Amino acid sequence: MKNTPSADTFFARVESGRQVLALFDLLPDVSFFVKDRSGRFMALNRRGCEYCGVISEEEAIGKTDHDFFPATRAANYCEDDQHVMRSGQPIINRIESAPEDAGSPRLVTTSKIPLRDRRGRVIGIAGFSRQIERMQSGTADAMADVITHLHENLAGEIATEELAEMAGLSISHFERRFRLAFGSSPRQYLIRIRIEHAAALLRETDKNITDIAQSCGFYDHAHFSRSFRRVMSMAPSAYRKRINSADRAKPASNRTSA
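Residues numbered from 1 in each chain as written. Predicted model: local features only at pLDDT ≥ 70, side-chain atom pairs only at ≥ 80, totals over all residues. Heavy atoms only, no water.

(A) Up close: the packing of helix α9 (residues 186–204) against helix α11 (residues 221–232). Contact pair α9 / α11: the axes reach a minimum separation of 10 Å and the direction vectors enclose 95 degrees. Looking at the two axes, α9 sits roughly perpendicular to α11. On the side of α9, the interface is formed by I191, R192, I195, A198, A199 and L202, while α11 contributes F224, S227, F228, V231 and M232. Grouping the amino acids of the contact of α9 with α11 by side-chain chemistry returns nine nonpolar, one polar and one charged. (Axes fitted to C-alpha atoms, helices over the stretch in contact; angles between N-to-C directions. Helix = DSSP H or I, 4+ residues; strand = E, 2+ residues; numbered from the N terminus. Parallel < 35°, antiparallel > 145°, perpendicular 65-115°, else oblique. Contact = heavy atoms within 4.5 Å. Nonpolar A, V, L, I, M, F, W, Y, C, P; charged D, E, K, R; others polar.)

(B) Main features of the pairing of strand β2 (residues 41–44). The pairing of strand β1 (residues 30–36) with β2 spans three bridges and is antiparallel. Paired with V34 across the strands is A43, a residue of β2. Hairpin geometry of β1 and β2 is characterised by an intervening segment of four residues between the two adjacent antiparallel strands and by a positive phi of about 80 degrees at G39. (Pairing = 2+ DSSP bridges.)

(C) Seen up close, the nonpolar core. Counting residues in hydrophobic clusters, the biggest one holds 34 residues, and the most contacted among them are L150, F174, F178, Y189, F224, F228 and Y239. Looking at this core, the elements that each hand over two or more residues are α6 (141–152), α7 (160–167), α8 (171–182), α9, α10 (209–215), α11 and α12 (236–249). If one sorts the elements of this core by residue count, α9 sits on top with nine residues. In this structure F174 touches M143, V146, T160, L163, A164, A167, L169 and P186, once residues within four positions along its chain are discounted. Formed by 16 residues, the second largest nonpolar core is a distinct cluster that contains C52, F69, I91 and V122. (Core = buried A, V, L, I, M, F, W, Y, C linked by side-chain atoms within 4.5 Å. Buried < 20%, exposed > 50% of the residue type's maximum accessible area, 1.4 Å probe, protein only.)

(D) Focus on the pattern of salt bridges. Throughout the structure, instances matching the rule amount to nine salt bridges. Where K35 meets D65, a salt bridge forms, and the shortest distance between an N and an O atom there is 2.6 Å. Of the two residues, K35 sits in strand β1 while D65 sits in the loop between α3 (46–52) and α4 (71–87), which places them 30 residues apart along the sequence. Taking the relative accessible area as the measure of exposure, K35 reaches 3% and is therefore buried. Of the charged contacts in the structure, one is a salt bridge between K35 and D81, with a shortest N-O distance of 2.8 Å. (Salt bridge = Lys/Arg side-chain N within 4 Å of Asp/Glu carboxyl O.)

(E) Geometry of the environment of P186. Examined against the element boundaries, P186 turns out to sit in helix α9. A sequence separation of 27 residues divides P186 from A159, and the C-alpha atoms of the two residues are 9.3 Å apart.

(F) Broad picture of the packing of aromatic side chains. This model, assessed by the stated rule, comprises eight aromatic pairs. Seen in terms of ring centroids, F174 and F178 are 5.7 Å apart; in terms of plane orientation they differ by 55 degrees. Their pairing is tilted. Of the two residues, F174 and F178 both sit in helix α8, four residues apart, roughly one turn of that helix. For F174, a relative accessible area of 0% gives the class buried. (Phe/Tyr/Trp six-rings, centres within 6.5 Å; stacked < 30°, edge-to-face > 60°.)

As far as function goes, none of this settles anything; it's purely spatial.
Encoded structure:
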C-alpha cells in the first residue's frame, strides 16, 4: 500500500511560496497583502499596489500603511492588524470603506488571518479586501439595485420588506442572501454606510455633530454617538479631534486645501 503524501510534504517541496502568491495578481477586484509583525508589507498584489499608489510591489515592500494612507486611516489598519496578531483570531468579511478614497461610498469586505511560523508563533498577517459593488457581478441585478438604493437613500427610513420586494425575494430569502454576500444584515450594512458618510462630514465640514447625525439618518445625537462608537471605536467628537490633530501635524505643503 502506497503512502499518501501529506499537504505539508508537498508544499515543503515548493521552491517558493511566492509562486502561489502570484495568482492574486490575476484577481483584479481583490487587494491581497502580507505584513510582518511590525506591519511592514511583505507581499502585495496589483490591486493592492493601486490602493497604495505604487507601480510595483517592490516599491511597497518594507513600508507600512503610514507611508501610503492618511494618518487616521493608517492607524485604524494597524490597530486591526495588531489585534489579529495579539489575539490569534481572524477578521472575517468585515465591511469598511474602500482604501483608495477615504469617505467614499464604495465599501469593501476585508478579511485578515494571523500567519504563524513552524513553532506556532504569530509572525505577521495575510489579508484581502474585495470591493462590494464588484462582487455583485456574480449575483442578480436586483441585488445590485438594492445596494444602489441603500447608498442613495442612506438618510431615509428603509424597511427590510421594501428591499426584499425590490429584489423580488421573500424577506427570509433576501436576508439570507444579503448576509451571504456581504457578511452582515441589511440593517448593519446601512448603519455602516451612514457612519462612513458621517465620518466624511466630520473630516470635511464644520457642521455640528447633531446636524450631521440628522443628515445621516440617526434619530438624535445619542443614537449617532452610540452607533459611531461601535463602528469607529471612538466618539464622533474624538474622531474629529483626531483628524484635526493629524492634519495639523502634516507639513503645510501636504495639507488638503479647504
